[in-house]
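Geometric and topological summary
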Amino acid sequence: RGVVKKWWIKNWLKKKKKDKDFAEAYDREGRKLETAVALYHAREEAGLTQAELAQKAHTTQSTIARIERGDNVSFDKLDDIARALGKKLVVEFA
């Protein structure tokens, strides 16, 4: 049953992505999710809780949580967080 469900979703998504607006929105959300996962892993690697990272980045724990779940965030905020982790924010147009 799980295989059929995955197949159905994959085919549904393939059809939906033919719509340019849907495809752009889908890709945009994917990039936000990649950022969220990257922040989560960097924070975990640093051994910090959301609250600890927030304090180092001069922000709130809820801001860190929002970013880790894929909400929009400014480049300035991401740069502050990167610096608090001892890292450099890199944006790449590939």
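This text follows the structure it describes.
Overview of a positive patch on the surface
Together, Lys10, Lys14, Lys15 and Lys18 line one region of the surface with positive charge. Tracing the backbone through its elements, the reader meets Lys15 in helix α1 (residues 2-16). Among the residues examined, Lys15 registers a relative accessible area of 63% and is labelled exposed.

Re α1
Helix length check: α1, at 15 residues, gives a terminal C-alpha distance of 21 Å against a target of 21 Å (1.5 Å per residue), a fit within 8%. Of all 15 residues in α1, one are buried; the element is thus mostly exposed.

So, the pattern of salt bridges
Where charged atoms from two side chains of opposite charge come close, those side chains can pair. One pass over the structure, following the stated rule, counts six salt bridges. With its nearest N and O atoms 2.9 Å apart, the salt bridge here joins Glu29 to Lys32. With Glu29 and Lys32 both in helix α2 (residues 20-45) and three residues apart, the pair spans about one turn of that helix. For the salt bridge of Asp79 with Arg83, the shortest nitrogen-to-oxygen distance reads 3.5 Å.

Conventions adopted
Position numbers for residues start from 1 in each chain and track the written sequence from start to end. Residue-level local features of this predicted model are given only where pLDDT is at least 70; pairs of side-chain atoms are given and counted only at 80 or more, and the full residue set underlies all totals for whole chains, interfaces and linings. Side-chain figures throughout are based on the complete set of non-hydrogen atoms in the structure, without hydrogens or water. By definition, no residue in a patch forms a salt bridge, and every one has over 30% relative accessible area; like charges are joined within 9 Å, nonpolar side chains (Val, Leu, Ile, Met, Phe, Trp, Tyr) within 5 Å. Where accessible areas are quoted, they stem from the Shrake-Rupley method and a 1.4 Å probe; at the residue level, only the protein chains shown are allowed to cover. In the sections that follow, a salt bridge refers to a side-chain nitrogen of Lys or Arg positioned within 4 Å of a carboxyl oxygen of Asp or Glu. Lys and Arg are tallied as positive, Asp and Glu as negative. Neither His nor the chain termini are counted. Lys charges are placed at NZ, Arg charges at CZ, Asp charges at CG and Glu charges at CD. Secondary structure elements follow DSSP: runs of H or I no shorter than four residues count as helices, runs of E no shorter than two count as strands, and numbering proceeds from the N terminus. Each residue gets one of three labels from its accessible area relative to the maximum for its type: buried under 20%, exposed over 50%, partly exposed in between, using a 1.4 Å probe on protein chains only. Multiply 1.5 Å by the residue count of a helix minus one, and that product is the helix's expected span.

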